[in-house]
Amino acid sequence: MEGLDGTELNRVYNAPMALDHDLERTKGLEPWDAQCRHQSLLAEFRKYVVGPIPVDAFIQNAVGKVYWGTDERMRMSATNAFRSVPHSADTADQIYEPLLVALNKRTTHKSRCPGFVFVNTARRSTHPARPGFAKPHVSCFTRRNVEAVQRLDRHSRSELGYAELIIQVTPDVTRDYFTDPPSGLHGERRAAFEFISQWEDRQTKREVADAFALHLALVTEIFARQYRNGFFSISLTGSRARLLRWDRAGCLVSEAFDIREHPEHLCYFLWRFSRTIDEMRGHDITVSPATLQQELQFRDVVREYVRSQLELEGDALDKAVSQHYCPGRAAVVVIYPQHEPHSHDNVWRFIISRPVVSPLCLVGRGTRGNWAVECTTSRLVFLKDTWRVIDARDNTAEGDFLEELNELEVRNIPALFAHGDVPDYVSTTDGSHVVWQSTITGAVAKVFERCSVAGKLASVTNFQRYRLAVSTVGYDLSTVRGTEELLHATYDALTALRDAFSKASRIHRDVSLGNIILVEVPGQDVRRGYLIDWETSDKADDAGQAVHAGRAGTWLFMSARILNKHQANTKQTFLDDMESLVHVVTYCTSNAPPNGSIILRMEFGSDALAEWITTMLELQRPSLLKGYEYGEQWTGEGVDAFWSEFLRTRALERDNRIVHDVTKGEDREYNVLSITPLSIQESPPIGKRSATARNSEMPSPKRARTLRSREAPGPLSKGIVSSRVIDGRRRSERIRTIQDRSKPTQPVASHLLVLHGRGSATGKSSCQ
């Protein structure tokens, strides 16, 4: 946008999203999984909501001070500003259509929100009533971006890549997701008040929750499609509004106010919103557009590296490059070196484009991972943009861990290139004054009295943006080519675990499929495995246990002991990391989540693979042991001795990879790879439905299966039975098929099976 002084403010909008394993669609935003995904986000959100905050205090603390145009005479009068908006309505458009007229009202010198335009984006959706296709009812864009939005295809969701603020409308004024406490309620009584509205009618409860879950999902997607540290939205229930401010620590929610009776609140908020700086509106100002020369530099470096790693040419090479490069959408990000004086001259600049990991959860680390090219040297690196926990007792960052491990010559780990916390502001004189990009939800939560959710006050953690660049760049383990490469790469990861434990007394605590990458090394027949992502690693004490208690890592690959609810606060050990490594291998070789009882019932066409798995399980936990005790030979030395000898003496299949895509062959309406149980959908009441209900509800299971079957490919490889139910079969045949799925897996005939699912198994969870 432009400042009042005419200065062009270049911000990067519409960031590319990571692609799925076929490189054909956006990863993690499948429409058929939207309802389940929204409910999962809502369940997590309830832990981190802070409110209600008085409206004036919200504006003062969340929006910040006015920087542009402090003359109050520039503001339009708030008198009767929203009188045309009905108090309550039957449909959302009856609320937001007159609201749009009021918001966009302007005179020669004044407007409600100078420099911004409000647009009806709900009608830009091909299926506005379906959760996976819905767009915000009202979106706010800079005047400069409105034209770009209008040129977008309706099938695109890129409007969310340009949104500065959104407004979601529930037409019925009685259906607010939140409930404010009575005035005058303070102290413990206010803290005990339930902030989330309670409904006796199950249908009403579900509809209210679904409406706000959509609001939450849209904000989460905006964070993924933009480079942001915060975002504002407005929840409108009838004519009653709430202001919301989101960041990686949670959400601040204002008290409700009626825009008909008190239009001054919304008018003042919008004026302050338009007059503040981009940083306060939530933009990451350390990201800037790349020049054409920089974009071509990035494309050429990435293309050459992909060619060397995958040995591809022509169209196949172009498609592989598209995983990392989106034409016309490149940006430059900076890293200020950690533990060094900050100045605009002492900074690394990297060119990025399409990420391999997009942040699809709101609260937490929000990790975005890109291949990146250093501007000066054209060096290719992997750049991790994340939010790390601010700990006053220990400010050590992941880059500090890697630097120590590199100095100790720990094998098969990434080589550190640069790292540092990300500032919002660095003084131009000597760099002594620095303002860091950090979350504000926790700070505000300490100042104001708040209500509880489900009997608990929000537990808010403070986060700070952090970037890490490593010069080891490869492909994650889900791209493994065969049994030989799988067992060699995971053995390389074992070597990294052993070195880190013996040389630095450090355990990883997050061994998972996405945290082992494969790199082509000259002179080796198979790619080498590198163990990455040491962010959650911890020092080990004299007993070999982590210094800090509690679970860490990716649920799907945690050891059985750590997953046990009675062991939730126990300390992880090196032996737990080794068990996680076995789970990674079994996950890649089966079409079921790793579980010993399932694996022991399986049969393998590959005798070598069957021998490795059964031997490792026996070493880990001999049949005579009960509980969570490990066998006497389950040590680094014992496992290494067996594994290294096994690789030397066994003939292993090299190219026996088969992909089993559970997202395309699964009939059920929940995430089969998620351990966290999702909320069960209530049954709708019996009786005739209104036209509004018929249009807004999710398609029936039969209809959903039909929609998915149009997206899914035909039967998978020979030897693998697709789990898709073919339309037109008799009901008895379909039941028999479902029963057959519960039977032990048939021999896999020397195949290596790599799963791609909806969970975080195939990549590092961006929420962690």
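Everything numeric here is computed off the predicted structure, so don't read it as measured data. Counting of residues starts from 1 at the beginning of each chain's written sequence and follows it residue by residue. Residue-level local features of this predicted model are given only where pLDDT is at least 70; pairs of side-chain atoms are given and counted only at 80 or more, and the full residue set underlies all totals for whole chains, interfaces and linings. Working from all heavy atoms in the structure, the side-chain values ignore hydrogens and water.

### Quick word on the packing of helix α12 (residues 483-504) against helix α17 (residues 636-649)
The test is simple: To define axes, lines are fitted to C-alpha atoms, for helices over the stretch in contact only, and angles between the resulting N-to-C directions are given on a 0 to 180 degree scale. Each helix is a run of DSSP H or I of at least 4 residues and each strand a run of E of at least 2, with the numbering of both proceeding from the N terminus. In this scheme, roughly parallel covers angles under 35 degrees and roughly antiparallel covers those over 145, while 65 to 115 is roughly perpendicular and the rest are oblique. In this scheme the crossing of two helices becomes right-handed for a clockwise turn of the near helix relative to the far one and left-handed for an anticlockwise turn of less than a right angle. Note on contacts: a residue pair is in contact if any heavy atoms of the two residues lie within 4.5 Å.
For the pair α12 and α17, the least separation of the axes is 11 Å and the interaxial angle reads 150 degrees. By the angle between their directions, the pair α12 and α17 is classed as roughly antiparallel. In this structure, α12 crosses over α17, and the sense of that crossing is left-handed. On the side of α12, the interface is formed by Leu487, His488, Thr490, Tyr491, Leu494 and Arg498, while α17 contributes Gly636, Glu637, Val639, Asp640, Trp643, Ser644, Phe646 and Leu647.

### Looking at the sheet that holds strand β9 (residues 287-289)
Here is the rule we go by: Any two strands are treated as partners once DSSP identifies two or more bridges connecting them.
Within the open sheet, the 7 strands sit side by side as β9-β10-β11-β12-β13-β17-β14. Their pairing is antiparallel. At either end of the open sheet lies a strand with only one pairing partner, and these are β9 and β14 (416-421). Neighbour-to-neighbour, the strand axes of this sheet turn through a mean angle of 35 degrees, independent of strand direction. In this structure, β14 lies alongside strand β17 (residues 463-470), joined through 5 bridges in antiparallel fashion. Of the residues in β17, the one forming a bridge with Leu416 is Val470.

### Some remarks on the packing of helix α2 (residues 55-63) against helix α7 (residues 263-275)
Our working definition: Residue type decides the class: Asp, Glu, Lys and Arg count as charged, Ala, Val, Leu, Ile, Met, Phe, Trp, Tyr, Cys and Pro as nonpolar, and the leftover types, Gly among them, as polar.
Interaxial distance between α2 and α7 falls to 11 Å at its minimum, and their mutual angle equals 5 degrees. As the angle between them shows, α2 and α7 are arranged roughly parallel. Where α2 abuts α7, its residues Val55, Asp56, Phe58, Ile59, Gln60 and Val63 lie against His265, Tyr268, Phe269, Arg272 and Phe273. The class makeup of the residues in the contact of α2 with α7 is 7 nonpolar, 2 polar and 2 charged.

### Let's talk about the packing of aromatic side chains
Condition: In this analysis, rings of Phe, Tyr and Trp, with Trp reduced to its six-membered ring, are considered paired at centre separations within 6.5 Å, and the interplanar angle assigns stacked below 30 degrees, edge-to-face beyond 60, and tilted for intermediate values. When accessible area is computed with a 1.4 Å probe and restricted to protein chains, residues below 20% of their type maximum are described as buried, those above 50% as exposed, and intermediate ones as partly exposed. Ring-over charges, as used throughout, are those where CZ of Arg or NZ of Lys falls within 6 Å of the ring centre and within 35 degrees of the ring normal.
If you walk through the whole model with that rule in mind, you get 25 aromatic pairs. Both rings, one in Phe178 and one in Phe212, keep their centres 5.2 Å apart while their planes meet at 85 degrees; by these two values the pair is edge-to-face. In this pair, Phe178 sits in the loop between β4 (165-170) and α5 (187-192) while Phe212 sits in helix α6 (residues 202-225), placing the two residues 34 residues apart along the sequence. Each member of the pair, Phe178 together with Phe212, is buried. Where Phe557 meets Tyr587, the ring centres are 5.5 Å apart and the plane angle is 70 degrees; that geometry is what we call edge-to-face. Taken together, the residues span a long stretch of sequence, with Phe557 in the loop between β22 (538-539) and α13 (560-563) and Tyr587 in helix α14 (residues 574-588) at a distance of 30 residues. Assessed through its relative accessible area of 1%, Phe557 is described here as buried. Using a relative accessible area of 0% as the deciding quantity, one classes Tyr587 as buried. Here a set of aromatic residues connected by ring pairs shows up, and it is made of Phe45, Tyr177, Phe178, Phe195, Phe212 and Trp246. Over the ring of Phe232 we find Arg245, and its NZ or CZ is 6.0 Å from the ring centre. Residue placement shows Arg281 over the ring face of Phe273; its charged tip is 5.7 Å from the ring centre.

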